[in-house]
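Summary of structural features
Take a look at the letters that make up each chain.
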Amino acid sequence: MKQILLITDGCSNVGESPVMAAAHALQEGITVNVVGVIDYGTIGQLGSREIADIAKAGGGLSRIVGTPQLAQTMQMMTRKTVVQTIQQAVNKEVKKILGEGSLEDLHPTQRSKVVNVVDELSETTSLRIALLIDASASMKPKLGAVEDAIRDLALSLEAREGTSEIAVFHFPGRSSEEDAVLDSDWTSDLSGIRSLFSRIRMRGATPTGPAIFKVLEHYRYDTLNEHQGRYLAESQGDREGMLGGYVV
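This write-up is about the structure you can find in this document. (Residues numbered from 1 in each chain as written. Predicted model: local features only at pLDDT ≥ 70, side-chain atom pairs only at ≥ 80, totals over all residues. Heavy atoms only, no water.)

A look at the pattern of salt bridges
This is how it is decided: Think of a salt bridge as a Lys or Arg side-chain nitrogen and an Asp or Glu carboxyl oxygen that are within 4 Å of each other. Numbering of helices and strands starts at the N terminus; helices are DSSP runs of H or I of at least 4 residues and strands are runs of E of at least 2.
Per the stated rule, a full pass over the model turns up 6 salt bridges. Linking Arg128 and Glu165 is a salt bridge whose minimum nitrogen-to-oxygen distance equals 2.8 Å. Of this pair, Arg128 sits in strand 4 (residues 127–134) while Glu165 sits in strand 5 (residues 164–171), and the two are 37 residues apart along the sequence. Through salt bridges with shared partners, a single ionic network connects Asp148, Arg151 and Asp152.

Spelled out as structure tokens, the structure:
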């Protein structure tokens, strides 16, 4: 199960639309959740609307929170999105059986069994989360809260039964035109994530759309490598099987 968790304080102002980028992510089976981080007052109607629109296009959740609530919000959104995705898959299977029926139409005993399965899958399903951190100049006062929140998220993921992997990106890169920088590739060793923040330099504009596309490219690259690895393994097995036929 794949997610992008975008942490930002508002309006993108460089490159493609982040809403369009999130829609592309959803088409590729990647959910986009967005946390809007604020300290004082509100981030403005425009930023608030964009945050909601990105999450809606990406099939995910959006929340606007102050820094004290950030850690709890990230954990809640991650778990809730996993549960929702599994529920959607289960509902599709239920509809195949019941036609236009839904989970609520099942007998209470059957419904209880399905809910238990959803809960179990939520804990055991493999999960990949790409953390995408807005490192524009306006986020500088909030970086400490983001750091603490990611540490707490890592701890909660380590408590899951299933495999949890995180990759970390920040944007913009070395120039305002650069989309996103990969700080840490996929890892299940979540203990080292905190040390990444010493390398992040807060600067420049907010290319949120290009940054999301950059993360999508990374997901695609990994998928391609997985397919190639599987193909090579299967080919190796076929060759061994053919050679084995000659062994007497």
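Quick look at unusual backbone geometry
At the junction of Phe171 and Pro172, the peptide bond is cis and its omega measures out at 0 degrees in the coordinates. When you line up the elements, Pro172 lands in the loop between strand 5 and strand 6 (181–187).

Observations concerning the environment of Asp53
Rules: In this scheme, a residue with accessible area under 20% of its type's maximum is buried, one over 50% is exposed, and one in between is partly exposed, where area comes from a 1.4 Å probe on protein chains only.
Relative to the helices and strands, Asp53 is located in helix 2 (residues 45–57). Relative accessible area serves as the criterion here: at 35%, Asp53 is assigned to the partly exposed category. Between the C-alpha atom of Asp53 and that of Val34, which follows or precedes it by 19 residues, the distance is 9.6 Å.

Considerations on the nonpolar core
Formally: We define the nonpolar core as a collection of buried residues of types Ala, Val, Leu, Ile, Met, Phe, Trp, Tyr and Cys that are connected through side-chain atoms lying within 4.5 Å of one another. Contacts are assigned to residue pairs with any non-hydrogen atoms lying within 4.5 Å of each other.
Counting 37 residues, the largest nonpolar core has Val35, Leu70, Met74 and Leu131 as its most contacted members. Contributing elements (two or more residues each) for this core: strand 1 (2–8), strand 2 (30–38), helix 3 (70–98), helix 4 (108–124), strand 4, helix 5 (143–158) and strand 5. With 9 residues, helix 3 is the largest single contributor of residues to this core. Leaving out residues up to four positions away in the same chain, Leu70 has contacts with Val35, Val37, Val65, Ala145, Val146 and Ala149. Counting 25 residues, the second largest nonpolar core, distinct from the first, contains Ile51, Ile54, Ala57 and Leu132.

What to know about the layout of surface pockets
The cut-off we apply is this: A pocket here means an open set of points on a 1 Å grid, computed over the protein atoms alone, that has protein on both sides within 12 Å along at least five of seven lines. A cavity is instead a set of points where a 1.4 Å probe fits but cannot get out; residues with an atom within 4 Å of a point line either one. Grid points are joined across faces, edges and corners, and a volume is the space filled by probe spheres set on the points. In this count, Pro and Cys sit with the nonpolar residues alongside Ala, Val, Leu, Ile, Met, Phe, Trp and Tyr, while Asp, Glu, Lys and Arg are called charged and the others, Gly among them, polar.
Space inside the largest pocket adds up to approximately 320 Å³. Lining the largest pocket we find 17 residues, and of these Gln84, Thr85, Ile86, Gln88 and Ala89 sit closest to its centre. For the lining of the largest pocket, the element with the most residues is helix 3, which contributes 8 residues. Residues belonging to the lining of the largest pocket are distributed by class as follows: 7 nonpolar, 8 polar and 2 charged. Considering only enclosed or pocket space, the second largest pocket measures out at about 170 Å³ in volume. Taken together, Gln75, Thr78, Arg79, Val82, Ser122, Glu123, Leu127, Leu153, Ser156, Leu157, Ala159 and Arg160 make up the full set of residues lining the second largest pocket.

Considering the environment of Ser191
Counting through the fold element by element, Ser191 comes out in the loop between strand 6 and helix 6 (208–244). On a C-alpha basis, the gap between Ser191 and Glu158 in space is 9.4 Å, while along the polypeptide they are 33 residues apart.

Section: helix 4
We apply this condition: Multiply 1.5 Å by the residue count of a helix minus one, and that product is the helix's expected span. The arc under discussion is defined with respect to the helix axis, by the directions toward the C-beta atoms.
For helix 4, built from 17 residues, the straight-helix expectation of 24 Å at 1.5 Å per residue is met to within 8% by its first-to-last C-alpha distance of 24 Å. Among the residues of helix 4, Val114, Val118 and Ser122 are the ones counted as buried. Along helix 4, the residues classed as buried sweep out an arc of 80 degrees about the axis, all on the same side. The outward face of helix 4, more than 90 degrees from its buried face, is lined by the exposed residues Lys113 and Glu120.

Digging into the sheet that holds strand 4
Filter applied, for reference: In short, DSSP must find at least two bridges between two strands for them to pair. Note on method: axes are straight lines fitted to C-alpha atoms, helices fitted across the in-contact stretch only, with angles between N-to-C directions ranging 0 to 180 degrees.
With respect to topology, 6 strands assemble into an open sheet ordered 3-2-1-4-5-6, the strand pairing being mixed. Edge positions in the sheet fall to strand 3 (62–66) and strand 6, since each has one partner strand and no second. Averaged over all neighbouring strand pairs, the angle between strand axes comes to 15 degrees, with direction disregarded. In this sheet, strand 2 lies alongside strand 1 in parallel orientation, the contact comprising 7 bridges.

Regarding the pairing of strand 4
Counting buried positions along strand 4 gives 8 out of 8 residues, so the element sits mostly inside the fold. Residue alternation in strand 4 divides its side chains into two sets, Leu127, Ile129, Leu131 and Ile133 and Arg128, Ala130, Leu132 and Asp134, and both sets are buried. Pairing analysis gives 6 bridges linking strand 1 to strand 4, with the strands arranged parallel. Residue pairing for strand 4: Ile7 is matched across the bridge by Ile133. Looking at chain direction, strand 4 and strand 5 are connected through 8 bridges and run parallel. From the neighbouring strand, Arg128 faces strand 5, where its bridge partner is Glu165.

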